[in-house]
Amino acid sequence: MPDPRKVTFYHAPHSRSSGTLVLLEELHAAYELKLVNMKAGEQRQPAFLAINPMGKVPAIVHRGTVVTETAAICMYLADEFAYGTLAPKIGDPQRGTYLRWFFFGASCFDPAVVDKMLARPQPERTGAVGYGTFDDTINALAKALEPGPYILGERLSAVDVYVGAQIGHALMVKAIEPKPVFQKYADRVNSRPAMQRLLQGAK
């Protein structure tokens, strides 16, 4: 009989879905890996578009529910499989900080870095841009990481897996300066066994 808690995970190597893969490993969650061949255009085929009409990975199906968007997937998985540990419970004073930096990563850091990579000009009305300015975004994140070792202090949480993957990628493609605070944080997250298995090609 199929495990009702098993996650069906749609993944493409070397994409945004890699962070979700690391989190699944970190959570020791049972999952079925469904590889999506982006070069072959499988993400635009009807079978996958029925899962995610955006034609993007990652995506998961769990107990009959489809979840897309990396931050939403990570938050969902942490609540399902590590509520109270890697996901602060509702009522925990750290829950607000946890949610804050998940949404910051998705709505500020990611678009700011993409705009930088694509050399998009900064609009004159920075207030009309969700993240304001690239420099403000980078400085805000650096300030959040300075106390360390993790976003919630001594406590590792799912947001570190998500933001750590974002920072690691941004450093790799030279979209952000390798400030010590970013490099040390990325190294710390990358040193965990789940990330090491991914980096070594285990998954």
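Values in this document were obtained by computation on a predicted structure and should not be read as measured data.

Asks: Would you mind going over the overall build of the chain in detail, with residue names and values included?
Replies: What the chain contains, in helices and strands, is eight helices and four strands. In the chain, the succession of helices and strands from N to C terminus is β-α-β-α-β-β-α-α-α-α-α-α. Along the three orthogonal principal directions, the C-alpha set of the chain runs to about 55 × 40 × 35 Å. For the chain, long-range pairs separated by at least 24 residues make up 59% of all intrachain contacts whose partners lie at least 6 apart in sequence. As presented, the chain carries roughly 11000 Å² of accessible surface, and 55% of it is formed by carbon and sulfur atoms. A distance of 2 Å separates the average location of the 23 positive side-chain charges in the chain from that of its 19 negative side-chain charges.

Asks: Describe the nonpolar core, with residues and values.
Replies: Ranked by internal contacts, the top residues of the largest apolar core, which has 58 residues, are Phe102, Phe109, Leu141, Ile167, Ile176 and Phe182. Discounting chain neighbours no more than four positions away, the residues touching Phe109 are Phe104, Thr137, Ile138, Leu141, Gln166, Ile167, Ala170 and Ile176. Core analysis: the next-biggest nonpolar cluster, separate from the first, contains eight residues, Tyr10, Ala12, Phe48 and Val57 among them.

Asks: How would you explain the packing of aromatic side chains if you had to name every residue and give the values?
Replies: Counted according to the given criterion, the structure contains five aromatic pairs. On the basis of an interplanar angle of 85 degrees and a centroid distance of 5.2 Å, the ring pair of Tyr98 and Phe102 is categorised as edge-to-face. Of the two residues, Tyr98 and Phe102 are both situated in helix 4 (residues 95–117); the distance of four residues between them amounts to about one turn of the helix. Taken individually, Tyr98 and Phe102 each receive the classification buried, so the pair is uniform in this respect. Grouped by ring-pair contacts, the aromatic residues Tyr98, Phe102 and Tyr162 constitute a single cluster. Cation over ring: Lys116 sits above Phe134, and NZ or CZ is 4.9 Å from the ring centre.

Asks: If you had to explain the pairing of strand 3 (residues 59–62) to someone new, which residues and values would you point to?
Replies: By the alternation rule, side chains of strand 3 split into Ala59 and Val61 and Ile60 and His62, which are all buried. Taken together, the three bridges between strand 1 (residues 7–11) and strand 3 define a ladder with antiparallel strand orientation. Residue pairing across strands places Phe9 opposite Ile60, the latter belonging to strand 3. Between the antiparallel neighbours strand 3 and strand 4 (residues 65–68) lie two residues, among them Arg63 with a positive phi of about 50 degrees.

Asks: I'd like to hear about helix 4, residue by residue, with values.
Replies: Given a rise of 1.5 Å per residue, 23 residues ought to cover 33 Å, and the 32 Å separating the end C-alpha atoms of helix 4 matches this to within 8%. Residues of helix 4 that are buried include every one of Arg95, Tyr98, Trp101, Phe102, Phe104, Gly105, Cys108, Phe109, Ala112, Val113 and Asp115, and no others. Buried residues in helix 4 make contact with helix 3 (70–82), helix 5 (134–145) and helix 6 (158–172). Looking one or two residues beyond helix 4, the residue adopting positive phi is Ala119, at roughly 55 degrees.

The rules behind these values
- Residues numbered from 1 in each chain as written.
- Predicted model: local features only at pLDDT ≥ 70, side-chain atom pairs only at ≥ 80, totals over all residues.
- Heavy atoms only, no water.
- Helix = DSSP H or I, 4+ residues; strand = E, 2+ residues; numbered from the N terminus.
- Contact = heavy atoms within 4.5 Å.
- Areas by Shrake-Rupley, 256 points an atom, 1.4 Å probe, with all protein chains shown as cover.
- Lys, Arg positive; Asp, Glu negative; His and termini not counted.
- Charge placed at Lys NZ, Arg CZ, Asp CG, Glu CD.
- Core = buried A, V, L, I, M, F, W, Y, C linked by side-chain atoms within 4.5 Å.
- Buried < 20%, exposed > 50% of the residue type's maximum accessible area, 1.4 Å probe, protein only.
- Phe/Tyr/Trp six-rings, centres within 6.5 Å; stacked < 30°, edge-to-face > 60°.
- Lys NZ or Arg CZ within 6 Å of the ring centre and 35° of its normal.
- Pairing = 2+ DSSP bridges.
- Expected span 1.5 Å × (residues − 1).

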